[in-house]
Structures are given as structure tokens and as C-alpha cells.
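Below are the chains, spelled out letter by letter.
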Amino acid sequence: MKEKTKLVASGRPRKRPFHPVNPAVERASTYLFPTYDDYIEGGRKIIYGRLGGPTHRALEEAVTALEGGVETRLAPSGLQAVNAAILAFVKAGDRVLMADTVYDPSRKFCENFLARFGVETTFYNPLAGESLADLMTPNTKVVFAESPGSLTFEVQDIPALAAVAHAGGAKLIVDNTWSAGVYLKPVSLGADVVVQAGTKYLGGHSDCLIGAITSADEDTAQSIYYALLQIGSNVSADDAWLTLRGMRTLGARMQAHEKNALALAKWLGKRAEVETVLHPALKSSPGHAHWKRDFSGSSGLFGIVLKPVPTAQLKAFFNSLRLFGMGFSWGGFESLCIHVRPEKYRTATQWTAPGPVLRIHAGLEDIDDLIADLERAFAVMKTQKGNAT
Ligand SMILES: Cc1ncc(COP(=O)(O)O)c(C=O)c1O
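It should be emphasised that the depicted structure is a prediction, and the values quoted were computed from it without experimental measurement.

Undergrad: Looking at this structure, I do not really get the site of the ligand. What am I missing?
TA: Taken together, Ser-77, Gly-78, Leu-79, Tyr-103, Glu-146, Asp-175, Thr-177, Ala-197, Thr-199, Lys-200, Leu-209 and Trp-330 make up the full set of residues adjacent to the ligand. One of the side-chain nitrogen or oxygen atoms of Thr-199 is found 2.5 Å away from an oxygen atom of the ligand. Contact with the protein chains hides 92% of the accessible area of the ligand, taken as 390 Å² for the molecule alone. In the shell around the ligand, the residues fall into 5 nonpolar, 4 polar and 3 charged.

Take a look at the structure:
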């Protein structure tokens, strides 16, 4: 099956003759076993609500069809998917190698939380490929990648990272949220685990939080299952259902996000106020060659670096936007624009651009309206005076 067909056809009810097109929400804590033997067998089937029921299994099946691999398990947020995936493979005395450009709370989990339990983290330049081998030590158990990187969009060399990780006996975990699993297939490039914040594109409507963890092989899947089981992780059936509902239109939505983002990136690239556009599909973007080799498209999230502007002008710009909302997260149907500070979240590399960085999410609105919104905000910006930020 082709990608768009899989998104429509996977995780569907199969009972005949009467069944709904999409699975129903099944809320349950207790499941009753039909026989004593079924009760004793238990295993990884549907046994208890915390471990998910048929609604969860349907979504997991759909995500596995999208990402490849052998099994997907759900987490209550994208961040917990990241954390549980790492926890599954480390113990006191181990080390994690993490890209310097990961989502900041993923970074903080390692720096602040894992450190308390004797697990060290070393951050690496996201553009390191084979050279990551220089940082590998016998106690490195996880190499963590997020491609492209949060805020600055560096595209990583996943096959090279997989080779380095595996040569040292470590697992490669990839945060694949940006591509939604539609445009990048890390499992096929050597990743052991793929995580997604389904909160973004899978759900797609900015109304639920969820995470997904897909394993490339059975042993890895077993470790992920036990990590989630022992943490006591649980996802509501309603959120699993909403996410699967969102996935039915993922193929169409991603094409529309991609088209609008590329049009905005092109338009913004010609504006006098803009210093650089950070979009993996642009030649000038760091790691573009990896994007061209490994991705089949681009999503709706990208960045721009403005030329230095007075704070009053930046405020005026944001306060004049009517369609672009100012809010965290992304991947919903609506456009967003926020001021971000990459320099605060880097240690292995440095972000030195003097002007402000804006993260833009291109939603599904008409492109003419989105451009008019930005044009108006730039016009208002120019009317303000003040000192450069
Ligand atoms: C790349 C990436 N990974 C993970 C997360 C965490 O997802 P959630 O907000 O569902 O915890 C985010 C959230 O913005 C993200 O951007």
C-alpha cells in the first residue's frame, strides 16, 4: 500500500457485518477474561486499561504502518515518549549522546533528571555524522537524534548516526515529529526507536496531547513496553481515538502544510527585514543534503532570522498579527508564529545570529491571507522606533 492509503486503511475495525468505519472509543480500566487460561496467559495482549485497549491498539497499528518497525506503544505526551524511550535503555553509570538541537524539555530531562540517577549526557553537534564516533564511550547506551533540530532546523545524518551507535552497542532513538512519519522513515535508515509527539501532526487539531514510540525489532519493543509498564504510563482512550481520527487526513494535511510553508519561506526570503530562512528544503539550510537524500518532503514548521530590530518593532510585529497565533506547540491546522531563543539552549554549538529568530508554523489557511497578515505586521513594525534587541 502507498502511504496515503495506509493512513486511511490501517487500524480499522474488522468485525462484520456491522462496524463503524473508525474504531469507537472504548473506555475501560478492568477487562474481564473469558476463561481461567486466558487470565493466566495475560502477556502483552489487552489485559488492563492502563496498558491500553482496542482503541489504543488501533492507533498503534496505524502508527506502525506509517513508521515501519514491529510495534508502537503510546505515551501521554510527546515528552513522555522521549523520556520513556531513553529510560528503557539506561541505568546508573551509562551515558546518553544527545543532539544539541533537541527540543529543550528533552534536553532538560537528561541534564536535570537523568543526572540525578547517575546517567550522564553529552550533547553533540547535530551536523556530526561519522565523527560522532569520537564521542562514543563503552558506557554510551543511547544516541538521541531529532531531525531537523528544534528552532534551528539542522538536518541530521541518520544512517551515519545509526552506524556509529550500533558499532558501539548503543541504540539510536530518533524524534521524528517534524516529518510526522510521512516524510522521513528513520526505521528504514537504521533507527532502533522512533518517537513522535502525536500532539503535533498526528492529532493535527491542537486539542490533545499524545506520544508514540515505535520499535524496529522485538527486543527493543519489549524494553519499551516494560519501561512504560513500570513508569505507570497511561493514555486516555479518547485521546487515542482523536489522534487516529486526525491521522485519517494526515496525508492531505501534510501536503497542504508543505505547500503553504514553502510559499511563505520563499516570500519571506525576499523580504528586506529577513536575514535568513531556516527551512530544510532550502539549499542554504544546514544539513540540506541529508534532507534531500533521506526525506520525501517537508512539513509546515520552519524558522526565519530577522535582521536586528528594536524591541518595540518586534513587539509591534507580533501584536499586529491576526491570523498567526502566538502559542506553543505546532502541527495543528492553524498558523503560528513565535519569537524563540536558540542561544539559550545550546552547549555543544553556539547560536550567534544577532537578529531575532521566529518560528513559523504554516497552517491550512489560504496562502494569500497568510502573506497579507505578515505584510501588514511588517508594515506596522516599521512605524515603531526604539533600540535594537
Ligand atoms: C520535536 C518535539 N518533540 C517532542 C515534543 C513534546 O511533545 P508534547 O508537547 O506532546 O509533550 C515537542 C513539543 O513541542 C517537540 O517539538
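After that view, the rundown keeps rolling.
Undergrad: Teacher, can you tell me more about the sheet that holds strand E7 (residues 211–215) here?
TA: Picture the strands of a sheet paired through backbone hydrogen bonds; they go either parallel or antiparallel. Strand order in this open sheet of 7 strands is E1-E7-E6-E5-E4-E2-E3, and the pairing throughout is mixed. Of all the strands in the sheet, the pair left with one neighbour each is strand E1 (71–75) and strand E3 (120–124). Geometrically, the sheet is characterised by an average inter-axis angle of 20° between neighbouring strands, direction not taken into account. In this structure, strand E2 (residues 95–99) lies alongside E3, joined through 5 bridges in parallel fashion. In the sheet register, Ala-99 faces E3, and the bridge partner there is Tyr-124. Strands in contact with helix H5 (residues 104–113) are E2 and E3; relative to E2, the strand with the most contacts, it is inclined by about 155°. On top of the sheet, helix H6 (residues 158–167) reaches E3, strand E4 (140–146) and strand E5 (171–175); it is set at about 150° to E5, its chief contact.

Undergrad: What is the right way to look at helix H9 (residues 250–269) in this model?
TA: Because an α-helix completes one turn every 3.6 residues, residues spaced three or four positions apart along the sequence face the same direction. Between its terminal C-alpha atoms H9 stretches 28 Å, which fits the 28 Å expected from 20 residues at 1.5 Å a residue. Buried within H9 we find Leu-250, Gly-251, Arg-253, Met-254, His-257, Glu-258, Asn-260, Ala-261, Leu-264, Ala-265, Trp-267 and Leu-268.

Undergrad: Just checking my understanding: could you explain the packing of helix H4 (residues 78–87) against H5 for this structure?
TA: How two helices sit against one another is set out by the angle between their axes and by the gap between those axes. Between H4 and H5, whose axes approach to 10 Å, the crossing angle comes to 35°. In the crossing of H4 with H5, the sense of the turn from one axis to the other is right-handed. Along the contact surface, H4 presents Leu-79, Val-82, Asn-83, Ile-86 and Leu-87, while H5 presents Pro-105, Ser-106, Phe-109 and Cys-110. Partitioning the contact of H4 with H5 into residue classes produces 7 nonpolar, 2 polar and no charged.

Criteria and cut-off values
- Residues numbered from 1 in each chain as written.
- Predicted model: local features only at pLDDT ≥ 70, side-chain atom pairs only at ≥ 80, totals over all residues.
- Heavy atoms only, no water.
- Near = heavy atom within 4 Å.
- Polar contact = N/O pair within 3.5 Å; in protein donor to acceptor, adjacent residues only side chain to side chain.
- Areas by Shrake-Rupley, 256 points an atom, 1.4 Å probe, with all protein chains shown as cover.
- Nonpolar A, V, L, I, M, F, W, Y, C, P; charged D, E, K, R; others polar.
- Pairing = 2+ DSSP bridges.
- Helix = DSSP H or I, 4+ residues; strand = E, 2+ residues; numbered from the N terminus.
- Axes fitted to C-alpha atoms, helices over the stretch in contact; angles between N-to-C directions.
- Contact = heavy atoms within 4.5 Å.
- Expected span 1.5 Å × (residues − 1).
- Buried < 20%, exposed > 50% of the residue type's maximum accessible area, 1.4 Å probe, protein only.
- Left-handed = near helix turned anticlockwise from the far one by under 90°.

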